[in-house]
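If you want the building blocks of each chain, they are given just below.
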Amino acid sequence: GGNVGARSILSKETDVVSLVEVYDQGIVELEKCVQELHNISMNVADRYWDFVNAHEDKGKGWDSKSALQLSVYRRGNHIEIKWTSIKWYGAKGKRTSLRTPITKNPDTFAYHETKLKVHAKDWEFDMVKETELKMQSIRRQAHHVVRGIMSLRNAKQVNRVTPIDGSLSDEPESDGND
């Protein structure tokens, strides 16, 4: 009939098991997305650090040193990409650093350009802006991917609590007393 497209794509012999397996496969694929976003963020950070190091190696004095630190790390499915300001104190040879986190907008997952500009040197600001634009996109994508993982885990939990057999039969199952 014309309603064939509405039926389950799963075979009847494997309905419940396959549904959980499909959820698990979805989680595995989304975790691959998290890994790839982490890989990309590491490449973006490496490009930024290569730029900073090349400039710092050529320059003399503290004006040629960046006062920003970009860090990227992953714990489980969480990717953290953050900017920190660095201030140096003390006499030459005995300098210590004070690292201060820079706050980002929790709704846009982005660092505001003016907050980064306060800490960035003129020579690096264009690269900071370019890097942050890419990192903001990665943060936002990772947020949505992780929400997808959480949604699939929740769907699996619902299926554990109330298993379904996936059949679309219109007739009630027989209890053997017919």
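Residues numbered from 1 in each chain as written. Predicted model: local features only at pLDDT ≥ 70, side-chain atom pairs only at ≥ 80, totals over all residues. Heavy atoms only, no water.

1. Here's the deal with the nonpolar core
By size, the foremost hydrophobic cluster in this structure holds 25 residues, and its most contacted members are Tyr 48, Leu 68, Leu 70, Ile 81, Trp 83, Val 128 and Met 135. Of all the secondary-structure elements, those providing two or more residues to this core are α1 (15–58), β1 (68–75), β2 (78–89) and α3 (125–161). If one sorts the elements of this core by residue count, α3 sits on top with eight residues. If sequence neighbours within four positions are ignored, Tyr 48 has contacts with Ser 66, Leu 68, Leu 70, Trp 83, Glu 124, Met 127, Val 128 and Thr 131. (Core = buried A, V, L, I, M, F, W, Y, C linked by side-chain atoms within 4.5 Å. Buried < 20%, exposed > 50% of the residue type's maximum accessible area, 1.4 Å probe, protein only. Helix = DSSP H or I, 4+ residues; strand = E, 2+ residues; numbered from the N terminus. Contact = heavy atoms within 4.5 Å.)

2. Quick look at the pairing of β2
As defined by bridge partners, β1 adjoins β2 across eight bridges and the pair is classed as antiparallel. Residue pairing for β2: Leu 70 is matched across the bridge by Trp 83. In sequence, β1 turns back onto β2 through a hairpin of two residues, with Gly 76 there showing a positive phi of about 65 degrees. The antiparallel pairing of β2 with strand β3 (residues 96–101) creates a hairpin that spans six residues between the two strands, and Gly 90 there sits at a positive phi of about 105 degrees. (Pairing = 2+ DSSP bridges.)

3. Re the side chain of Glu 80
Within the secondary structure layout, Glu 80 lies in strand β2. On the accessibility criterion, Glu 80 (16% relative accessible area) is buried. There is a polar contact of 2.9 Å between the side chain of Glu 80 and the side chain of His 78. (Polar contact = N/O pair within 3.5 Å; in protein donor to acceptor, adjacent residues only side chain to side chain.)

4. Structural notes on the packing of aromatic side chains
Applying the stated rule across the entire model yields three aromatic pairs. Considering the side-chain rings of Tyr 48 and Trp 83, the 5.2 Å spacing of their centres and the 85 degrees angle between planes classify their relative orientation as edge-to-face. Here Tyr 48 is found in helix α1, whereas its partner Trp 83 is found in strand β2, with 35 residues between them in sequence. The exposure class of Tyr 48 is buried, given its relative accessible area of 0%. With a relative accessible area of 0%, Trp 83 lands in the buried category. Arranged with centres 6.0 Å apart and planes meeting at 40 degrees, the rings of Phe 51 and Trp 123 form a pair that is tilted. One end of the pair, Phe 51, is in helix α1; the other, Trp 123, is in the loop between α2 (113–119) and α3, and 72 residues separate them in sequence. The class for Phe 51 is partly exposed, based on a relative accessible area of 30%. One aromatic cluster in this structure is built from Tyr 48, Trp 49 and Trp 83. Across from the ring centre of Phe 125, 4.6 Å away, lies the NZ or CZ of Lys 117, which sits over that ring. (Phe/Tyr/Trp six-rings, centres within 6.5 Å; stacked < 30°, edge-to-face > 60°. Lys NZ or Arg CZ within 6 Å of the ring centre and 35° of its normal.)

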